[in-house]
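Residue-level listing of the chains:
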Protein chains: 2
Amino acid sequence: MDGPLKNLLVVDLTRVLVGPYCTMILSDLGARVIKIEAPEIGDDSRKFGPFIESYSAYFMSLNRGKESIALNLKNADDKKIFNKILSKADVLVENFKPGTLEKWGYGWKEINKKYPKLIYASASGFGQTGPLKELPAYDMVVQGMGGLMSVTGQPNSEPTRVGTSIGDITAGLFTAIGINAALYDRKKTGRGMYIDVSMLDCQIAILENAIARYLSKNEIPKPMGSRHPSIAPFEAFKTKDSHIIIAAGNDKLFEKLCNILDMPELNNDPKFSDNSSRAKHMDDLKKILEDKLKIKETNEWVKTMEKEKNSLWSNI
Amino acid sequence: MDGPLKNLLVVDLTRVLVGPYCTMILSDLGARVIKIEAPEIGDDSRKFGPFIESYSAYFMSLNRGKESIALNLKNADDKKIFNKILSKADVLVENFKPGTLEKWGYGWKEINKKYPKLIYASASGFGQTGPLKELPAYDMVVQGMGGLMSVTGQPNSEPTRVGTSIGDITAGLFTAIGINAALYDRKKTGRGMYIDVSMLDCQIAILENAIARYLSKNEIPKPMGSRHPSIAPFEAFKTKDSHIIIAAGNDKLFEKLCNILDMPELNNDPKFSDNSSRAKHMDDLKKILEDKLKIKETNEWVKTMEKEKNSLWSNI
């Protein structure tokens, strides 16, 4: 293994998605990861489909590059082996329900006393402190509680989740950031650090304009399909055979779009002359654009627009 | 400022979302961030609503804790000031279209020669190499191209994006991971590193079970509303007044759910006796559960289920 985390040893007490996603990144960055699994049972996700022969492709996709050993942390002999691994480790990552490792004698306080250089990261549904700390969580639960589902979906549609487990994955990414920053810090101080990541916190951290709108205007953001709340045109449009995404993020791009569509008059219409006017008349604009776009198939439109790539797309 | 990145100086050449999100995290971790903005114009997102007085709450939410200076990197006098800042910096972050900084004399090769300790991170739509490198991208474009929109939404609904700019945000998170790992590496080697993050790559990296299903089974995953593709019951259900998310991720949890709903017979029905049977009969199960759930309001159900919190929720 090569990479910036070469020669580091990570003890991986994680299961399912949030923790394994984090340690997968540490492994990708060059660390040696030893995953500790419960004897007989193993990581729950070994039972998640799809399967290749009898192996879970889901499990394998998240645990690539890791070593694995089965240990029962409530058994005295197994604890000896675990302690030996721990004494050589740089990082411990876990996503048990808060309090579980403390009960087994491996809480942060005990660990930090015995191994002051060890970095200890916990990912949980709602953090290690606060009123919800005892509640475990699935991705689906924090997607719902964190507000992401309230802005995802078609207007007035049934509740819609993000199609991947973004609640787990963003928390895994934040945990990886914390661990890497703590490794840097340890080079200066010689001491480990405790990293406490809550999946719900991470959902709040990715709410972007929704949280700005709520806090500054008391507006409760709603799902808008594929539409951007304040930029237009910036959504999926119907074509002859399917859809095309058009994202004209500023006035210059809109002008170019009008020229490509051979509708220069649109750009001169005061209803559409700048972004805030277009945002006010999104529905009208969509109807006009779709009347034009439905005369050709998506592929044809994409080809036409790609010819203009350097001018159609802004340089953000 | 305190935190693991204390005493580090980050030169921030980023605009809009992906780059500013990354440098916001570096600032939150204690680094000093100096944002360089184009004179007169500034970061495009200063014009994005909502506004508090004349200030963009959107811009402020992403640029908290940073300092800002206006410099024109094509102007000789401004370049002198920029070079002075650069000579003291630890990290440079940028999200221009690939090639832009090279044109101005600040590409990775030149910078690395002059400032070998400087870490240089570029976030772009499609990376610094490859056939799409010249195309800039908005979040909406990579959400569409990366496949996330193909698994988000109701079955057969219009195209649905994730309600926040998850394409930008995940790339910002991966860039922050790369920078922190490079800082750790620099403590060992004394040398900087180049970090090349593509928003499209990051979208692929978060596809989770969708990519496992496609690669192992040639299955093309589709949007499923709030439903999990292989676990049941695991979605939003109608109640008397709104919806409730029920995530019974294993057989033990399903048994407890049946008891709480006073429907122990469900658990004995061979159609629902284990997760793979339930997954096969998701629609039947949903109908039966909703017939029961619609007799009470969501709040009442949540209270009933919270009483059982330690048993209803598994400890993942």
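Residues numbered from 1 in each chain as written. Chains lettered and ligands numbered in written order. Predicted model: local features only at pLDDT ≥ 70, side-chain atom pairs only at ≥ 80, totals over all residues.

A. Examining the overall build of chain A more closely. When helices and strands are tallied, chain A shows 15 helices and 10 strands. A compact globule built from 316 residues should have a C-alpha radius of gyration of about 20 Å, whereas chain A, at 25 Å, is more than 25% larger. Across the 316 residues in chain A, those meeting the buried criterion constitute 47%. Relative to all contacts within chain A whose residues are 6 or more apart in sequence, the contacts with residues 24 or more apart total 66%. (Helix = DSSP H or I, 4+ residues; strand = E, 2+ residues; numbered from the N terminus. Rg over C-alpha atoms; globule rule 2.2 N^0.38 Å. Buried ≥ 20, exposed ≤ 12 C-beta atoms within 10 Å, placed from the backbone. Contact = placed C-beta atoms within 7 Å.)

B. Structural context of the interface of chain B and chain A. If you look at the interface, chain B gives 78 residues, while chain A gives 78 residues. When contributions to the side of chain B that touches chain A are tallied by element, the ones reaching two or more residues are helix 2 (57–63), helix 6 (139–145), helix 7 (166–189), helix 9 (209–217), strand 9 (234–238), strand 10 (243–247) and helix 15 (309–312) of chain B. Considering each element in turn, the side of chain B that touches chain A owes the most residues, 13 residues, to helix 7 of chain B. Among the residues forming the side of chain B that touches chain A, the class breakdown is 41 nonpolar, 25 polar and 12 charged. (Nonpolar A, V, L, I, M, F, W, Y, C, P; charged D, E, K, R; others polar.)

C. Representation of the domain arrangement of chain A in the model. Domain annotation of chain A identifies domain 1 (9–205) and domain 2 (234–312). Of note, the centres of domain 1 of chain A and domain 2 of chain A, computed from C-alpha atoms alone, are 44 Å apart. (Domains from an automatic or database assignment.)

D. View of the sheet that holds strand 1 (residues 9–13) of chain B. Residues and elements named next belong to chain B. Spatial strand order, 5-2-1-6-7-8: six strands in an open sheet with parallel pairing. A strand with exactly one partner marks an edge of an open sheet, and here the two such strands are strand 5 (67–70) and strand 8 (194–198). Taking the axes of each pair of neighbouring strands and ignoring which way they run, one obtains an average angle of 20 degrees across the sheet. Sheet topology places strand 2 (residues 32–37) next to strand 5; four bridges connect them, and they run parallel. Looking at strand 5, one finds that Ile34 is bridged to Glu67. (Pairing = 2+ DSSP bridges. Axes fitted to C-alpha atoms, helices over the stretch in contact; angles between N-to-C directions.)

E. Broad picture of the relation of the copies chain B and chain A. Least-squares fitting of chain B to chain A yields an RMSD of 0.0 Å, with the transformation described by 0.0 Å of translation along the axis and a rotation of 180 degrees. What we have between these two chains is a two-fold relation. Comparing interface residues between copies, 100% of those in chain B also sit at the interface in chain A, which points to an isologous, same-surface contact. (Least-squares fit on C-alpha atoms with pLDDT ≥ 70 in both.)

F. Layout of the confidence of the model for chain A. Confidence in the prediction for chain A averages 94 pLDDT; 97% of positions are at 70 or higher. As scored by the predictor, the complex reaches a pTM of 0.95 and an ipTM of 0.95. (pLDDT = per-residue confidence, 0-100.)

G. A look at the pairing of strand 2 (residues 32–37) of chain A. Residues and elements named next belong to chain A. Pairing of strand 1 (residues 9–13) with strand 2 involves four bridges; the strand directions are parallel. Note that in strand 2 the partner of Asp12 across the bridge is Lys35. In this fold, strand 1 hands off to helix 1 (residues 18–28), which returns the chain to strand 2; that crossover is right-handed. (Right-handed = clockwise from strand over helix to strand, strands pointing away.)

H. Here's a closer look at the environment of Gln143 of chain A. Residue and element names in this part refer to chain A. For Gln143, the location among the structural elements is in helix 6 (residues 139–145). C-beta crowding within 10 Å serves as the criterion here: with 27 such atoms nearby, Gln143 is assigned to the buried category. Measuring from C-alpha to C-alpha, the distance between Gln143 and Ser165 comes to 8.4 Å, with 22 residues separating the pair along the chain. Those residues in contact with Gln143 that lie beyond four places of it in its chain are Leu148, Met149, Arg161, Val162, Ile166, Gly167 and Gln203.

I. Summary view of helix 10 (residues 251–260) of chain B. Residues and elements named next belong to chain B. Of all the residues in helix 10, the buried ones are Leu253, Phe254 and Leu257. What you see down the axis of helix 10 is that its buried residues fit within an arc of 100 degrees, all on one side. With its phi angle positive at about 60 degrees, Asp262 sits one or two positions after the end of helix 10. (Arc of directions from axis to C-beta.)

J. Up close: the nonpolar core. Counting residues in each nonpolar core, the largest one holds 176 residues, and the members touching the most others are Leu26 of chain A together with Leu26 of chain B. In this structure Leu26 of chain B touches Leu5, Val10, Ala31, Val33, Ala176 and Ile179 of chain B, once residues within four positions along its chain are discounted. (Core = buried A, V, L, I, M, F, W, Y, C linked by C-beta atoms within 7 Å.)

K. Representation of the sheet that holds strand 2 of chain A. Residue and element names in this part refer to chain A. Pairing within the open sheet is parallel, and its six strands lie in the order 5-2-1-6-7-8. Here the strands that pair on one side only, and so sit at the sheet edges, are strand 5 (67–70) and strand 8 (194–198). Neighbour-to-neighbour, the strand axes of the sheet open up by a mean angle of 20 degrees, direction not taken into account. Running at roughly 150 degrees to strand 6 (residues 91–94), helix 1 makes contact with strand 1, strand 2, strand 6 and strand 7 (119–124) of the sheet.

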